[in-house]
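# Summary of the model geometry
Chain by chain, the residues:
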Amino acid sequence: MFRNKELFLTGRGKSIMDVEMEKRKFLNLCGKRDRALLSDEKRMTLGDMERLTYLTEFFELENYGIALWKEFGDDVKEPFEAMMKMLDEPEYIEDRWLDDEAKGEKWLLEFQELALTEEYREWIRNYIDKKYEERGLPYPTGADFD
């Protein structure tokens, strides 16, 4: 129907070309395991989706993060629904593990460590440092998780 992909808009008003550009940026930063997940060579788990969603948001690639859910949402639908049902139960409402900032910091450090090249690892480190500096926080280190 559309010959020019740029004319076809996603639900948030971004073109498919914007999403593809964000996807390429993210894939360049990814290590081997994440590339295997995103190319459907390995099965995506709910934990993987949670981590990848966090990472795409952190790196300001929200359109690709939404596209991930469109592409892999069916793979994690059942455990996601079970988790949401569990969260509605009163004993889980106040649990801190659900919004654990340390978990996100650990994901960022692992993502940096697993980047394919030293150049990408350095870029990721500088980006994390910049975002944390904007928040007035020190760069997270592995010692933060011992």
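Everything numeric in this text was worked out from a predicted model, so none of it was measured.

## Here's the deal with the overall build of the protein
Within the protein, the regular secondary structure consists of six helices and zero strands. Along its sequence from the N terminus, the protein presents helices and strands in the succession α-α-α-α-α-α. Looking at the protein residue by residue over its 146 residues, the buried ones come to 32%. Considering only residue pairs separated by 6 or more positions, the protein has 60% of its internal contacts joining residues 24 or more positions apart. Here the protein has roughly 9900 Å² of accessible surface; of this, 50% comes from carbon and sulfur atoms.

## Considering helix α1 (residues 16–29)
Its 14 residues place the ends of α1 20 Å apart at the C-alpha level, agreeing with the 20 Å of an ideal helix rising 1.5 Å per residue. Buried within α1 we find Val19, Glu22, Phe26 and Leu29. Axial view of α1: buried residues confined to an arc of 80 degrees, hence all on one face.

## Thoughts on the packing of aromatic side chains
For the coordinates displayed, the defined rule picks out 11 aromatic pairs. Residues Tyr54 and Trp107 carry aromatic rings whose centres are separated by 5.7 Å and whose planes lie at 65 degrees to one another, so their mutual orientation is edge-to-face. Here Tyr54, found in helix α3 (residues 46–58), pairs with Trp107, found in helix α5 (residues 101–113); they are 53 residues apart in sequence, far enough to count as distant. An aromatic cluster is present here, built from Phe26, Tyr54, Phe58, Phe59, Tyr64, Trp107, Phe111, Trp123, Tyr127 and Tyr132 joined pairwise through their rings. Directly above the ring of Tyr132 sits Arg135, whose terminal nitrogen or CZ lies 5.4 Å from the centroid.

Cut-offs and rules
Residues numbered from 1 in each chain as written. Predicted model: local features only at pLDDT ≥ 70, side-chain atom pairs only at ≥ 80, totals over all residues. Heavy atoms only, no water. Helix = DSSP H or I, 4+ residues; strand = E, 2+ residues; numbered from the N terminus. Buried < 20%, exposed > 50% of the residue type's maximum accessible area, 1.4 Å probe, protein only. Contact = heavy atoms within 4.5 Å. Areas by Shrake-Rupley, 256 points an atom, 1.4 Å probe, with all protein chains shown as cover. Expected span 1.5 Å × (residues − 1). Arc of directions from axis to C-beta. Phe/Tyr/Trp six-rings, centres within 6.5 Å; stacked < 30°, edge-to-face > 60°. Lys NZ or Arg CZ within 6 Å of the ring centre and 35° of its normal.

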